[in-house]
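# Structure at a glance
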Amino acid sequence: MPKPKLAIYWAASCGGCDIAILDIEEKILDVAEFFDVVFWPCAMDFKYQDIEAMPDKSITLTLFNGAIRSDENFHLAEVLRKKSVVLCAFGSCASEGCIPGLANFFKLDDITKYAYLQSPSTTNPDQIIPGPLTKVPEGELRLPRLWNTVRTLPQVVDVDYIIPGCPPQSNQIAAVVGAVIDILKHNKPLPPKGTVLGASEKCCCDECTRARNVKKITKFVRPFEIIPDPDLCLLEQGIVCCGPSTRSGCGAKCVSAGVPCRGCYGVPENVRDQGAKMVSAIASVIDSTDPEEIEQIIDTIPDPLGTFYRFTLADSFLRRAQR
Ligand code: SF4
Ligand code: SF4
Ligand code: SF4
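Scope of this entry: the structure provided in the associated data block. (Residues numbered from 1 in each chain as written. Chains lettered and ligands numbered in written order. Predicted model: local features only at pLDDT ≥ 70, side-chain atom pairs only at ≥ 80, totals over all residues. Heavy atoms only, no water.)

## Considerations on the site of ligand 2
Taken together, Cys205, Cys208, Arg210, Arg212, Cys233, Leu234, Leu235, Cys241, Gly243, Pro244 and Val255 make up all the residues around ligand 2. Here the shell around ligand 2 is built from residues that sort into eight nonpolar, one polar and two charged. (Near = heavy atom within 4 Å. Nonpolar A, V, L, I, M, F, W, Y, C, P; charged D, E, K, R; others polar.)

## What to know about empty space enclosed by the protein
Applying the stated criterion across every chain, the model contains two cavities of 30 Å³ or more. The volume enclosed by the largest cavity comes to roughly 130 Å³. Leu6, Val31, Leu61, Leu63 and Val177 are, among the 16 residues lining the largest cavity, the residues nearest its centre. Listed by contribution, the elements that provide at least two residues to the lining of the largest cavity are β1 (5–10), α2 (27–34), β3 (59–65) and α9 (170–185). Classifying every residue of the lining of the largest cavity by side-chain character gives 16 nonpolar, no polar and no charged. What the second largest cavity holds in volume is close to 100 Å³. Lining the second largest cavity, in full, are Cys204, Cys205, Cys208, Arg210, Arg212, Cys233, Leu234, Leu235, Cys241, Gly243, Pro244 and Val255. (1 Å grid on protein atoms, 1.4 Å probe; cavity = no way out; pocket = protein on both sides within 12 Å on 5 of 7 lines; lining within 4 Å. Points joined across faces, edges and corners; volume = space filled by probe spheres on them. Helix = DSSP H or I, 4+ residues; strand = E, 2+ residues; numbered from the N terminus.)

## Some remarks on the pairing of strand β7 (residues 139–142)
Bridge count between strand β6 (residues 133–136) and β7: four bridges; the pairing is antiparallel. From the neighbouring strand, Lys135 faces β7, where its bridge partner is Glu140. In textbook terms, the turn of a hairpin is the stretch between consecutive antiparallel strands, and for β6 and β7 this stretch comprises two residues. (Pairing = 2+ DSSP bridges.)

## Quick word on a nonpolar patch on the surface
A surface patch of nonpolar side chains, amounting to about 500 Å² of accessible area, comprises Phe105, Phe106, Leu305, Phe317 and Leu318. Mapped onto the elements, Phe317 comes out in the segment after α14 (304–308). By relative accessible area, Phe317 is classed as exposed at 56%. (Patch = residues over 30% accessible without salt bridge, like charges linked within 9 Å, V, L, I, M, F, W, Y side chains within 5 Å. Areas by Shrake-Rupley, 256 points an atom, 1.4 Å probe, with all protein chains shown as cover. Salt bridge = Lys/Arg side-chain N within 4 Å of Asp/Glu carboxyl O. Buried < 20%, exposed > 50% of the residue type's maximum accessible area, 1.4 Å probe, protein only.)

## What to know about the environment of Ile294
Along the chain, the position of Ile294 falls in helix α13 (residues 291–298). Using a relative accessible area of 24% as the deciding quantity, one classes Ile294 as partly exposed. For the pair Ile294 and Thr218, spaced 76 residues apart in sequence, the C-alpha to C-alpha distance is 8.5 Å. Those residues in contact with Ile294, other than ones at most four positions away along the chain, are Ile286, Ser288 and Thr289. (Contact = heavy atoms within 4.5 Å.)

## Structural notes on the side chain of Ser248
Relative to the helices and strands, Ser248 resides in the loop between α10 (204–207) and α11 (253–256). Judged by relative accessible area, which is 2%, Ser248 ranks as buried. Within the structure, the side chain of Ser248 is placed 2.5 Å from the side chain of Ser200, a separation counted as a polar contact. (Polar contact = N/O pair within 3.5 Å; in protein donor to acceptor, adjacent residues only side chain to side chain.)

## Quick word on the sheet that holds strand β5 (residues 84–90)
Ordered by their spatial adjacency, five strands build an open sheet running β2-β1-β3-β5-β9, and the pairing between neighbours is parallel. Of all the strands in the sheet, the pair left with one neighbour each is β2 (36–39) and β9 (161–163). Neighbour-to-neighbour, the strand axes of the sheet open up by a mean angle of 25 degrees, direction not taken into account. Here five bridges tie β1 to β3, and the two strands are oriented parallel to one another. (Axes fitted to C-alpha atoms, helices over the stretch in contact; angles between N-to-C directions.)

## So, the pattern of salt bridges
Side chains bearing opposite charge may pair, as long as their charged atoms lie close to each other. Within this structure, the stated rule accounts for ten salt bridges. Between Arg81 and Asp160 there is a salt bridge; the shortest N-O distance is 3.0 Å. A residue pair is termed long-range when its members are at least 10 positions apart, and Arg81 in helix α4 (residues 71–83) and Asp160 in the loop between α8 (153–156) and β9 qualify at 79 residues. Residue class for Arg81 comes out buried when judged on its relative accessible area of 12%.

## Description of the side chain of Ser84
Relative to the helices and strands, Ser84 resides in strand β5. At 2.4 Å, the side chain of Ser84 and the backbone oxygen of Leu80 are in polar contact.

## Observations concerning the environment of Pro132
Take Pro132: it is sitting in the loop between α7 (108–118) and β6. Taking the relative accessible area as the measure of exposure, Pro132 reaches 44% and is therefore partly exposed. Not counting residues within four places of it along the chain, the set of residues in contact with Pro132 comprises Leu141, Arg142, Leu143 and Arg145.

## What to know about the site of ligand 1
By nearness alone, every residue bordering ligand 1 is listed as Ser13, Cys14, Gly16, Cys17, Ser92, Cys93, Cys98, Gly165, Cys166 and Pro167. If you list the elements that add at least two residues to the shell around ligand 1, you get α1 (16–22) and α5 (92–96). For the shell around ligand 1, a count of residues per class yields six nonpolar, four polar and no charged.

## Considering α4
For α4, which comprises 13 residues, the first-to-last C-alpha distance of 18 Å matches the rise-based estimate of 18 Å (1.5 Å per residue) to within 8%. Of all the positions in α4, only Asn73, Leu76, Ala77, Val79, Leu80, Arg81 and Lys83 are classed as buried. (Expected span 1.5 Å × (residues − 1).)

So, to be careful, I would describe these as geometric facts and stop short of saying anything about function.
In structure tokens form, the structure reads like this:
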């Protein structure tokens, strides 16, 4: 019997999700033995034409990481949707936009100008800005056209499951892969469409062992400015920790190491907007009822928008409507 086919793709991604897959250690051998890997640009040399030529629904499972930032990303999202029985948004970029989604604070033109002309580390004496089509003596060079707005995978194609995290934790990936192999081997039913795999429904605070004593704070600080109490909630010590607005599943990894949760597992089941939820969590620890003083305390939060929406801007209430 032919093996089930597996595809792994990276769109607008940093490659961390691909590395996280390799980090499942010896379990990667189970993957290689059980699946026929038909597409994995990060690890093997496959051509887009090979995938485009495959019959529809011939790929059993596609793990799609990275956001949708260009015509190329969009084309591959459409192709892989058509060719796959199950399409998973793998990691924060694919499911919620993540760091690439922060580009939606700016216009594409401004980002391009800054990157190629204005940044302190740029040397570009001929003021060359790459475009989708460049004429050179040898012919035409084509690059994928970048979109003005970064999109999530579920915003552009129908997605079956979400595996959150930046990147998803390797133990969770191993558990999901093991469960998929078990389902396929024994012909078991798939989880309901839309299920978030490799995480739980609650928030990161539910996994965190730090004590909360409802201490009220008068100033926010950055982690390097204080030596935090190792047993107390970081938020109650004035360090902005996005645990209340973040899905659990990572084992509260950062907070147990003394680093605030930045929110990479995205929104928990009962939260729609990560930033809005954080505003409410922040409001609950501020020790003042005086509007002016509250404003002063809030002013001590560095980059609130980038902190509260670091992973979910592209999928938030503040998401951009225009393409
Ligand atoms: S989710 Fe994180 S690790 Fe994965 S591609 Fe995006 S930025 Fe990289
Ligand atoms: S806010 Fe952060 S430190 Fe406090 S309980 Fe939640 S996860 Fe733990
Ligand atoms: S603690 Fe927060 S930022 Fe760290 S891995 Fe977990 S969800 Fe991601």
